[in-house]
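Observations on the three-dimensional arrangement
Listed below are the residues making up each chain.
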Amino acid sequence: MPIMEDESGITTVSRRRFIQASAALAAVPLVVPQFVSAATETPTPSASPAAAQDTGRVVPTCSTFDCGGKCDIRAHVDQGIVTRITTLPDGELDEAMPIMRACIRGRGYRKFVYHPDRLKYPMKRVGKRGEGKFEKISWDEATTLIADNLKRITAKYGPASRYVHVGTAVSGGTFSGDKMVRRLLNLTGGYLEYYHSVSMGNTAAATPYTYGTPATGSSLDTLLETPLVILWGHNTNETIFGHANHYFQQMKRNGTRFIVIDPRYSDTVASLADQWIPLLPTTDNALMDAMMYVIITEDLHDKDFIARYTLGFDEASMPEGVPANESLVAYLTGAKDGVAKTPEWAEPITKVPANTIRQLAREYATAKPAALIQGWGPQRHICGERTARGSTLLATITGNVGKKGSWAAGYGGIGNRKFMSEPESIENPIAAKISVMNWMQAAEDASKVTPEQGLKGADKLDTNIRMLFTLAGNYLANQNPDINKAAKLLEDESKIEFIVASDLYLTPSARYADLLLPETSFMERWNIGETWGTGNYVILSEKLVEPEFERRSDYEWLREVAAKLGVEQAFSEGRDEKQWIEHIVETTRAAMPAENMPSFAQLQVQRRHLFKSEPYVAFADNIRDPQNNPFKTPSGKIEIFSKRLYDMNNPEIPALSHYVPAHEGPQDALTGKYPLQLITWKGKNRANSTQYANPWLQEAQTQKLWINPQDAARRGIAQGDNVRIHNDRGISMVPAEVTPRIIPGVVALQAGAWWQPDASGVDRGGCANVLSSTRITPLAKGNSHQTMLVEVEKA
Ligand SMILES: Nc1nc2c(c(=O)[nH]1)N[C@H]1C(S)=C(S)[C@@H](COP(=O)(O)OP(=O)(O)OC[C@H]3O[C@@H](n4cnc5c(=O)[nH]c(N)nc54)[C@H](O)[C@@H]3O)O[C@H]1N2
Ligand SMILES: Nc1nc2c(c(=O)[nH]1)N[C@H]1C(S)=C(S)[C@@H](COP(=O)(O)OP(=O)(O)OC[C@H]3O[C@@H](n4cnc5c(=O)[nH]c(N)nc54)[C@H](O)[C@@H]3O)O[C@H]1N2
Ligand code: SF4
Ligand SMILES: [Mo]
């Protein structure tokens, strides 16, 4: 997006220019011309003498993005400029580690860092909020503004009126402004925290009802001899997901059979699958129910395992105080509702042919062991908790829990091991926590945020959100669901009074800042890159180049704000950013003496460290010795039937995670008006919306609506036609990709495109969140970004 600067220092993105840029994006599916300017190609060599001596270094480093991986990239640094990015060479492969070769996003890092549109100065809003008019100010003015607003707002409304929003782009690093702003707020009275991960919070909330603890995954090295893997809505080829493909490729060579269940023929289907089973989104539980019906009626279930470890399979194994016909067998055979959950019952719901369901069920039950691994796409739905728990029931009745080569479900990493110490640990004096889905209500009218809707730690909130920090997030008006609704709230300056944003770009969310701060990129500061979930190594992320213009790391300006609030010493403990990294390394060394973590000086030579970790099978101890290691459920068993869920008496989250037609699913009456299900996926060329403006990555994949030829023909839509996607919440326009890679009845957009409203409010960027809903999931009070009904027509 072009930023125009005039002599007065006022930076404007006028709506007209904004539309022109969007139109260019829509019409030219290649590089946006503005992005390939001379400034991108030839950053000026740094003038510092140290940099001048910095010739021809090749530095192993990594980004700190929330991108699914953590790779060893090689930055070629010459006279203070990164001139080229390569990656881990073949000769340096380490057998003990996954191959951490850069994906295309990593190969494109230079175009993210050296982009002419990068923010250069601190800026203050001058127009209406959201209009995108800013004026350049000094850092001293910026930090005074923050300190003054913190004082004023805290005095008037109390510390619980302060909120820090989602900012995942720096979550792959040990140290960040997003962490340190929390430290500063905790030192000055606290802030309103949110809970719930929009990534996988629905799985995390639901799986403890089966196992007592959130279901973690096993380590992937335990699957090398598994004969059958079902990837259920899991697209590891694009999402990287802890470098899962490294293991999956080895397994493929060992003869593992892969089945992928996904409404889309994803890149993972293309590269890995022996079989693709498409289904309608939100109907996964109907497929699971029918699979369980086949397994049980064909006597393929693991009777010994069920008898020894589980509760609620049949009428003989039910907990006290539950009436007849509530067990799994009773449900599947129709003892209660008269409907047997046969493959023929599931076929019209899911669109999976009955014989395919039979084949899938037989294969899963007879391959010993088998691993059903669920991605997080299926649980980012309104029915996500049921889907996540449904897969635990399949694993349980086939005895695929706690055994090498099997998979219990979930996928939260190896026991969620966390290696590096945390910098921010100062307790938050505010006990109340809201679900991340409550922030709009908490800003609109906090008295309406009730425990039923997700409030924890308090019965009510005493104040609305009045001041908001968003550091390294584009959540306000891009990644949040229903952004037309969010934008209305943000435009109202009488609600949230002061918004501080830091980013590298003027993103759609940054447009709503009152104060917009230009952060350094990961190449311009020290950090430690941490892996996603399954990984057990860290990589030093070195400061490679000096920041240009007036860019500063969030920590630096936070330190200045701390000084203006009189808490500088307590906040910084006298450390600059690099000293914090050193301190964290030393604290980690002291906390884990057996791990041989190198000192900071050693790490600068060694560059990475592999922590010890044995192959890990989730729940292995509970299965090996259940007497001494009961499951942490009320019964100590794996709970197929959950009495806790039963007592909630909420049909949306039944005691046996079975199929329930979803709101805005294929059986909703709203299909009369909006007949197509729209889903999103995380594509290869960006991490959510991070690197959206990168011209190389825009070439790699353009924002289009995937639509099946049958649905397209019915609407007179041809390949490349501009289409209008709409529902009651919004309208988006992009070109159509007419492709059999998506099941009829479903359309898909890649997640994370920038919202680009034209003068009439129609999005020209293909941002699915103008169409998505803020409806919350019944148990986790979580997000349902993936569940929406739309209609599509030729524009
Ligand atoms: N390249 C890339 N990698 C990323 C990210 C990125 O943006 N880009 N983001 C990172 C982040 S923050 C996260 S949280 C992870 C998330 O990783 P995931 O949540 O697993 O990724 P998604 O692409 O949302 O979903 C995975 C698949 O689920 C399918 N799906 C959608 N709805 C349904 C359904 O109802 N049933 C079934 N069976 N399948 C369904 C989608 O078509 C998709 O192929 O990825 C991380 N990795
Ligand atoms: N429709 C739909 N919406 C979704 C999802 C979906 O699947 N579908 N997925 C959800 C999920 S799982 C997630 S995790 C969220 C992610 O939502 P966010 O946490 O908002 O992540 P990003 O969209 O990547 O935005 C990160 C911003 O940080 C900026 N940035 C990058 N590096 C730095 C840095 O070093 N410093 C600063 N200050 N800024 C930096 C980037 O330019 C970018 O604008 O989106 C959610 N939204
Ligand atoms: S974006 Fe993530 S997965 Fe890609 S190279 Fe960088 S660290 Fe690796
Ligand atoms: Mo995520």
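What you see is a predicted model, and the numbers here were worked out from it, not measured in a lab.

Our focus in this paragraph is the environment of Phe175. Among the secondary structure elements, Phe175 is positioned in the loop between β8 (162–164) and α7 (177–187). Expressed as a C-alpha distance, the spacing of Phe175 and Leu670, which sit 495 residues apart in the sequence, is 46 Å. Setting aside residues up to four positions removed in sequence, Phe175 forms contacts with Met180, Pro423, Asn527, Tyr555, Glu577, Trp580, Ile581 and Ile584.

Attention now moves to the site of ligand 2. The full set close to ligand 2 counts 33 residues, and Asn474, Asp503, Glu519, Ser689 and Thr690 are the nearest of them. Interatomic distance of 2.7 Å between a side-chain N/O atom of Lys682 and a nitrogen atom of ligand 2. When isolated, ligand 2 has an accessible area of 920 Å², and the protein chains bury 98% of it. The set of elements that each furnish at least two residues to the shell around ligand 2 consists of α20 (475–479) and β17 (498–503). Its residues placed into classes, the shell around ligand 2 shows 11 nonpolar, 15 polar and seven charged.

Here we take up the packing of helix α6 (residues 139–157) against helix α22 (residues 554–564). Packing of α6 against α22 leaves a shortest axis separation of 9 Å and a crossing angle of 55°. Classified by the interaxial angle, the pair formed by α6 and α22 is oblique. Crossing of α6 over α22 shows right-handed handedness. Residues Trp139, Asp140, Thr143, Thr144, Ile146, Ala147, Leu150 and Lys151 of α6 pack against Trp557, Glu560, Val561 and Lys564 of α22. Tallied by class, the residues present in the contact of α6 with α22 amount to six nonpolar, two polar and four charged.

Here the focus is the sheet that holds strand β21 (residues 608–610). Within a sheet, each strand pairs with its neighbour through backbone hydrogen bonds, oriented either parallel or antiparallel. If you walk across this open sheet you meet the three strands as β19-β20-β21, and the pairing is antiparallel. Each edge of the sheet is formed by a strand with only one pairing partner; in this case those strands are β19 (527–530) and β21. If you compare each strand with its neighbour and ignore which way they point, the axes differ by 20° on average. With three bridges joining them, strand β20 (residues 537–541) and β21 adopt antiparallel strand pairing. Within the sheet, the bridge partner assigned to Ile539 lies in β21 and is Arg608.

Once the domains are mapped, the chain shows domain 1 (4–113), domain 2 (123–199 + 421–518 + 548–595), domain 3 (204–414 + 636–648) and domain 4 (669–794). Computed from C-alpha atoms alone, the centre-to-centre distance between domain 3 and domain 4 is 28 Å. Contact with domain 3, which involves 26 residues of that partner, is made by 27 residues of domain 4. Three residues, Arg264, Arg380 and Ile382, lead the burial of domain 3 against domain 4; their summed loss comes to 33% of the area buried on that side. The interface formed by domain 3 and domain 4 includes two salt bridges. Of the charged contacts in the structure, one is a salt bridge between Lys684 and Asp267, with a shortest N-O distance of 3.1 Å. Taken together, the links from domain 3 to domain 4 amount to 14 residue pairs in polar contact (both at pLDDT 80 or more). Residue assignment for the side of domain 3 that touches domain 4 shows that the elements contributing at least two residues are α8 (201–206), α10 (236–239) and α27 (643–648). Class assignment of the residues belonging to the side of domain 3 that touches domain 4 gives a composition of 13 nonpolar, seven polar and six charged.

Reading the values: the criteria
Per chain, residues are indexed from 1 in the order of the written sequence. All chains are assigned letters beginning at A, and all ligands numbers beginning at 1, according to the order in which they are written. Two thresholds apply to this predicted model, a pLDDT of at least 70 for residue-level local features and 80 or more for giving and counting side-chain atom pairs, whereas whole-chain, interface and lining totals are computed over all residues. The side-chain values count all of the structure's non-hydrogen atoms but skip hydrogen atoms and water molecules. Runs of E in the DSSP output that reach at least two residues are strands. Runs of H or I that reach at least four are helices, and both are numbered from the N terminus. Any pair of residues with heavy atoms lying within 4.5 Å of one another is described as a contacting pair. Any residue with a heavy atom positioned within 4 Å of a molecule or strand is treated as near that molecule or strand. In protein, a polar contact means a hydrogen-donor-capable atom and an acceptor-capable atom, both N or O and within 3.5 Å, with residues adjacent in sequence counting only if both atoms are side-chain atoms; elsewhere, any N or O pair within 3.5 Å suffices. To measure how exposed things are, a 1.4 Å probe is used in the Shrake-Rupley method; for residues, cover is taken only from the protein chains shown. Each residue is assigned to one class: nonpolar for Ala, Val, Leu, Ile, Met, Phe, Trp, Tyr, Cys and Pro, charged for Asp, Glu, Lys and Arg, and polar for all the others, Gly among them. Interaxial angles span 0 to 180 degrees and are taken between N-to-C directions of axes, which are lines fitted to C-alpha atoms, for helices over the stretch in contact. These descriptions rest on fixed angle ranges, namely under 35 degrees for roughly parallel, over 145 for roughly antiparallel, 65 to 115 for roughly perpendicular, and the rest for oblique. Handedness of each helix crossing follows the sense of rotation of the near helix against the far helix: counterclockwise by less than a right angle gives left-handed, clockwise gives right-handed. Pairing between two strands is assigned when DSSP locates at least 2 bridges connecting them. Each domain span listed reflects an automatic or database assignment of domains. Note on terms: buried area is the combined drop in 1.4 Å-probe accessible area of two parts once they are placed together, counting the loss on both. For salt bridges, the criterion is a side-chain nitrogen of Lys or Arg within 4 Å of an Asp or Glu carboxyl oxygen.

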